Amino acid sequence: MNVFKLRDELIKDYARYIGSFLAIKDQRIKDRVDLSLQEGRLWPEPMIGLNPAFEKGEFIEELTTDKTLHRDCGRIFRVGKSEERPLGEAMRLHRHQVEAIRAATAGRNFVLTTGTGSGKSLAYIVPIVDHVLRNGSGKGVQAIVVYPMNALANSQERELEKFLSVGTGGTPPVAFRRYTGQENDEQKREILANPPDIILTNYVMLELILTRVKDRKLVEAAEGLKFLVLDELHTYRGRQGADVALLARRVREACKARSLQCIGTSATLASGGNYETQQQEVARVASLLFGDEVAPRDVIGETLRRATPQCDSGDPAFVAELRSRLASNDPPPTDYDMFCNDPLSRWIEATFGVEEREGRLARVVPRSISGPTGAAKDLESLTGIDRSRCESAIASQLLTGYDVKVPGTPFPAFAFRLHQFISKGDTVYASFEAEEDRYLTLHYQRFKP
C-alpha cells in the first residue's frame, strides 16, 4: 500500500465533502474560504516520523540462562508465533527493554520513557509473567495493568493471547483477562468466580472495582498485589492525574499490597534540560503519581542507534554524492546493505530519524516533506535539484525502506509514520459593515483592527 496516495485520496474525499454543503453568496467571503481550503487550513501537510533502530540487548534465552528470568519465559516469549508456527523464533530484546526487566526483577519501581514502536509493553509483561511463573498461577490477582483507553487494553489482550496461548500446550501458564466494561454478564461472572493472575483494565473501571460490592471478590483476590502498571503515564495530568494518584494509593491500601511494585510507561514526560535533568523530573512526577519513590536512575530512556552511516551535510563530497543520486533518477536499492549506504537513505535518517543531543541519539521531531517548511525545500537548497523531484525521491525512498527488511528479522529498514491532522470546519468572522467594506478574518476577535 502506498500511504502517500492513500493520504491524497482521503484529503480529496474530505475536500469534496466539505465543498458539498458550502453555498456562500458573498463573493469576498467565498474567495477567502476557497483560498484557505487550497492552502490546506483544514488539512495541513502530513508530518513524517521515522521510527529509529534500537541498540540490541540480550536474547530472552540468555536472561533465562543467567536466571534473571524463569526458564519457561524462553518458550513463551518468541517472535512470530502463530497457529502455523507455534514455536516461532528466538526473541532478542532492545537494550532499554533489558534494563527495564532487570529493574523489575530487582524489585524496583521504574518508568520506561520511550517512543512509538519501542516495545514498551514487553518491558512490564515479561517481568510480570516471570513473577507468576515463579510464584505459581492461580494464587489470585498478582498484577493490574491500567490503560487510559479500552483500545489499548484490547490490543494488549491480543498480544498476551499470542504469547501465552500459542505454543504453550493449550492451557496458558499464566491466566489473564480484560475487565474494562466491555464484557457481558457471563464473562464478568466468570472473571469474578475465577480471578486471573493478570487483569487488564482502565482507570475508571479500576475505581469501580474498588467501590462496587459486586466486584469485592476481585479486590479480595488481589490481596498482596505485586504489580500496578500505568500505561501511557503522560496522559494523567491535572485533575485526572490527581484522581489517578489517589486511585494508586487506594489500590495499595485496599489490596493490602505491602510490597507493591509500580511501573509506568510513557512516550514523553519531560522536555528541556539535559538527560539527567529530565530523569529527575520524570522521577518526581512518577513518585507523586504512584505515592512511592521512583529513583531517577530507574527512569529508563530508549537507546537508539543509526541504521545508516552518519552523514555530514556540510561535507562537499557527501553533497556531491547525494546530488548525483538524485539526478540519476534511479529507483532506490532493494538490498539491505545497499539501501542503508545509499546517500539519500543517510540523509533521510538524519532528517526524519535521529540526531545527536548531548552525546545521546534522540528522535527528530516529525516534519513534513513538502510545503514552505518541508524537508524537500532543504534538500533542494542542499543539492540544487528541483523540489518536486526531491519530494518524489524522498517518498519513494521511504516506501522502499518499508519493504526492505533487516536481515533475519521481519522488521523494515525504515519504519515510518505519516501523521495527517484533519480539522473540522472553521469560522469566518466579519465586521458589521457593507459587503464591500466589511473586515474578514479567520481568527476570533472582538474588534476590527
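Here is a short report on the structure shown in this document.

To continue, consider the sheet that holds strand E17 (residues 367-368). Reading across from one edge, E17-E1-E18 is the order of the three strands in this open sheet, with antiparallel pairing throughout. Taken across any chain shown, the strands that pair with only one partner, and hence form the sheet edges, are E17 and strand E18 (415-419). Direction of pairing for strand E1 (residues 47-51) relative to E18: antiparallel, over a ladder of five bridges. Note on E18: the bridge partner recorded for Ile 48 is Leu 418. Strands in contact with helix H17 (residues 387-403) are E1 and E18; relative to E18, the strand with the most contacts, it is inclined by about 130°.

With that settled, the discussion passes to the pattern of salt bridges. All told, the structure shown has 27 salt bridges when counted by the stated rule. As a salt-bridge pair, Glu 99 and Arg 95 come within 3.5 Å of each other at their nearest N and O atoms. A residue pair is termed a helical-turn pair when its members lie 3 or 4 positions apart in one helix, as Glu 99 and Arg 95 do in helix H5 (residues 95-105) at four residues.

Let us look at helix H7 (residues 150-165). Between the first and last C-alpha of H7 there are 21 Å, a value that for 16 residues agrees with the 22 Å anticipated at 1.5 Å per step. Buried residues along H7 sit in contact with helix H4 (73-76), strand E4 (78-79), helix H6 (120-135), strand E8 (143-147), strand E9 (176-178) and strand E10 (198-202). In the stretch just after H7, Gly 167 is the one whose phi turns positive, near 75°.

All right, on to the environment of Lys 56 then. For Lys 56, the location among the structural elements is in strand E3 (residues 56-59). Of the residues examined, Lys 56 reaches a relative accessible area of 52% and is grouped as exposed. In this structure, Lys 56 is in contact with Arg 92, Leu 93, His 94, Arg 95 and Arg 305, ignoring residues within four places of it in sequence.

Look at helix H11 (residues 238-254): 24 Å from first C-alpha to last across 17 residues, which is about the 24 Å you get at 1.5 Å a residue. If you check which residues of H11 are buried, you get Gly 241, Val 244, Ala 245, Leu 247, Ala 248, Val 251 and Arg 252. The buried residues of H11 occupy one face: seen down the axis, they fall within an arc of 160°. Of the residues in H11, the exposed ones pointing more than 90 degrees away from the buried face are Arg 239, Leu 246 and Glu 253.

The rules behind these values
- Residues numbered from 1 in each chain as written.
- Predicted model: local features only at pLDDT ≥ 70, side-chain atom pairs only at ≥ 80, totals over all residues.
- Heavy atoms only, no water.
- Pairing = 2+ DSSP bridges.
- Helix = DSSP H or I, 4+ residues; strand = E, 2+ residues; numbered from the N terminus.
- Contact = heavy atoms within 4.5 Å.
- Axes fitted to C-alpha atoms, helices over the stretch in contact; angles between N-to-C directions.
- Salt bridge = Lys/Arg side-chain N within 4 Å of Asp/Glu carboxyl O.
- Expected span 1.5 Å × (residues − 1).
- Buried < 20%, exposed > 50% of the residue type's maximum accessible area, 1.4 Å probe, protein only.
- Arc of directions from axis to C-beta.

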